[in-house]
Amino acid sequence: QVQLVESGGGVVRPGRSLTLSCAASGFSVNSYGMQWVRQAPGKGLEWVAFIWFAESDKFYADAVKGRFSISRDTSKNMVLLEMNNLRADDSAIYYCARGATEFDAWGQGTQVTVSS
Amino acid sequence: IVMTQSPATVSVSPGETVTLSCRASQSITTNLAWFQHKPGQAPRLLIYDASARATDTPARFSGSGSETEFTLTITSLQSEDSAIYFCQQFNKWPPWTFGQGTKVEIK
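This text gives an overview of the structure that appears in the document. Every value quoted in this text rests on a predicted model; they were computed, and no experiment measured them.

As for unusual backbone geometry
Of note, the amide linkage connecting Ser6 of chain B to Pro7 of chain B takes the cis form, showing an omega dihedral of -10°. Here Pro7 of chain B shows up in the loop between β1 (3-6) and β2 (9-12). Following Trp93 of chain B, the chain continues into Pro94 of chain B via a peptide bond in cis, with omega recorded as -5°. Following the sequence through the fold, Pro94 of chain B ends up in the loop between β9 (83-89) and β10 (97-98). Its identity is not glycine, yet Asn85 of chain A carries a phi of approximately 50°, on the positive side.

Focus: the state of the cysteines
All names here are of chain B. Under the defined criterion, the tally for this structure stands at 2 disulfides over all chains. Across a sulfur-sulfur distance of 2.1 Å, Cys22 and Cys87 are joined as a disulfide pair. Linking Cys22 and Cys87, the disulfide has an S-S dihedral of approximately 80° and is accordingly described as right-handed. One end of the pair, Cys22, is in strand β3 (residues 18-24); the other, Cys87, is in strand β9, with 65 residues separating them in the sequence. For Cys22, a relative accessible area of 0% translates into the label buried.

Focus: the sheet that holds strand β7 (residues 68-73) of chain A
Residue and element names in this part refer to chain A. In spatial order, the strands read β1-β3-β8-β7; together these 4 strands make up an open sheet with antiparallel pairing. Each of the sheet's edge strands pairs with one partner strand only, and the pair in question is β1 (3-7) and β7. Along the sheet, successive strands turn relative to each other by an average axial angle of 20°, direction set aside. Here strand β3 (residues 18-25) pairs with strand β8 (residues 78-83) via 6 bridges, running antiparallel. The partner of Thr19 across the bridge, within β8, is Glu82.

Some words on the environment of Val2 of chain A
All names here are of chain A. Within the fold, Val2 resides in the segment before β1. Taking the relative accessible area as the measure of exposure, Val2 reaches 35% and is therefore partly exposed. Once the C-alpha coordinates of Val2 and Phe59 are considered, the two residues, 57 residues apart in sequence, prove to be 24 Å apart.

Considerations on the interface of chain A and chain B
Accessible area lost when the parts come together is the quantity often used to give the size of an interface. If you look at the interface, chain A gives 17 residues, while chain B gives 17 residues. For the pair chain A and chain B, the summed buried surface comes to about 1500 Å²; carbon and sulfur atoms form 74% of the total. At the surface where chain A touches chain B, the tally comes to 0 salt bridges. Class assignment of the residues belonging to the side of chain A that touches chain B gives a composition of 9 nonpolar, 5 polar and 3 charged.

Re the sheet that holds strand β7 (residues 61-66) of chain B
Residues and elements named next belong to chain B. Reading across the sheet, the 4 strands line up as β1-β3-β8-β7 and stay open at both edges, with antiparallel pairing between neighbours. The sheet is open, and its two edges are formed by β1 and β7, each paired on a single side. Recorded for the sheet is a direction-independent mean angle of 20° between the axes of neighbouring strands.

Things to note about the nonpolar core
Formed by 45 residues in total, the largest nonpolar core has its most connected members in Trp36, Leu81, Met83, Tyr94 and Trp106 of chain A. Here this core takes 6 residues from strand β5 (residues 45-51) of chain A, the largest share from any one element. Those residues within four positions of Leu81 of chain A in sequence are excluded, and the remaining contacts are Leu18, Thr19, Leu20, Trp36, Val48, Ala49, Phe68, Ser69, Ile70 and Tyr94 of chain A. If you look at the next biggest cluster of nonpolar residues, it comprises 22 residues, including Val10, Leu20, Phe61 and Ala83 of chain B.

Quick word on the packing of aromatic side chains
Under the counting rule described, the total for this entry stands at 20 aromatic pairs over all chains. For the ring pair Phe50 of chain A and Trp96 of chain B, a centre distance of 4.9 Å and an interplane angle of 55° mean the geometry is tilted. Remark: Trp96 of chain B occurs in the loop between β9 and β10 and Phe50 of chain A occurs in strand β5; the pair is interchain, linking two chains. Since its relative accessible area comes to 0%, Phe50 of chain A is described here as buried.

Conventions and cut-offs
- Residues numbered from 1 in each chain as written.
- Chains lettered and ligands numbered in written order.
- Predicted model: local features only at pLDDT ≥ 70, side-chain atom pairs only at ≥ 80, totals over all residues.
- Heavy atoms only, no water.
- Helix = DSSP H or I, 4+ residues; strand = E, 2+ residues; numbered from the N terminus.
- Disulfide = S-S within 2.5 Å.
- Buried < 20%, exposed > 50% of the residue type's maximum accessible area, 1.4 Å probe, protein only.
- Pairing = 2+ DSSP bridges.
- Axes fitted to C-alpha atoms, helices over the stretch in contact; angles between N-to-C directions.
- Contact = heavy atoms within 4.5 Å.
- Buried area = accessible area lost by both parts, 1.4 Å probe.
- Salt bridge = Lys/Arg side-chain N within 4 Å of Asp/Glu carboxyl O.
- Nonpolar A, V, L, I, M, F, W, Y, C, P; charged D, E, K, R; others polar.
- Core = buried A, V, L, I, M, F, W, Y, C linked by side-chain atoms within 4.5 Å.
- Phe/Tyr/Trp six-rings, centres within 6.5 Å; stacked < 30°, edge-to-face > 60°.

Put into structure tokens, the structure is as follows:
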């Protein structure tokens, strides 16, 4: 059974850092493109970051480029999102998802609140 | 590519049919997916490639369309279908983009 479980969210002050984790089960994260998607309060879904098969193939939304970094921990079958220099407009529920075309599996999300 | 969904909210009685719309700002051929999202749950893939049902998607859910105009039709609506439905394009990425969602309420 394919499952994705996000963790690591919380309340953080502007300018600080946070790392989100996505634990996968039922498949290997090495075999799929993996995504992070977020949803701010009252807003629609916004794609954040993608990692392809090769570690060097990563893409980021313009809003997070240079501040966020996506990676894999293959030993734990996890995908990570390191978020630096956080801003108030980064506050959202962050979802991990599988796929490079349609996203065929999602987690339930983890809440990130950036506030002083 | 901007994805626009309509209506924002629709209220339907059980057993009725509802049609949701998703429009792309440019042609995406049939590279479109539909999702169901209930509060506190993981979004669920319903339809991919505009009209193909994902595994375990009930037959009362059907997708159609191509280029810039797409629809998701739910027939014989059930109470469990109360959710937000959103579309996603994967024709030209990055970025992958989503519609803002349509909330389906059951009367």
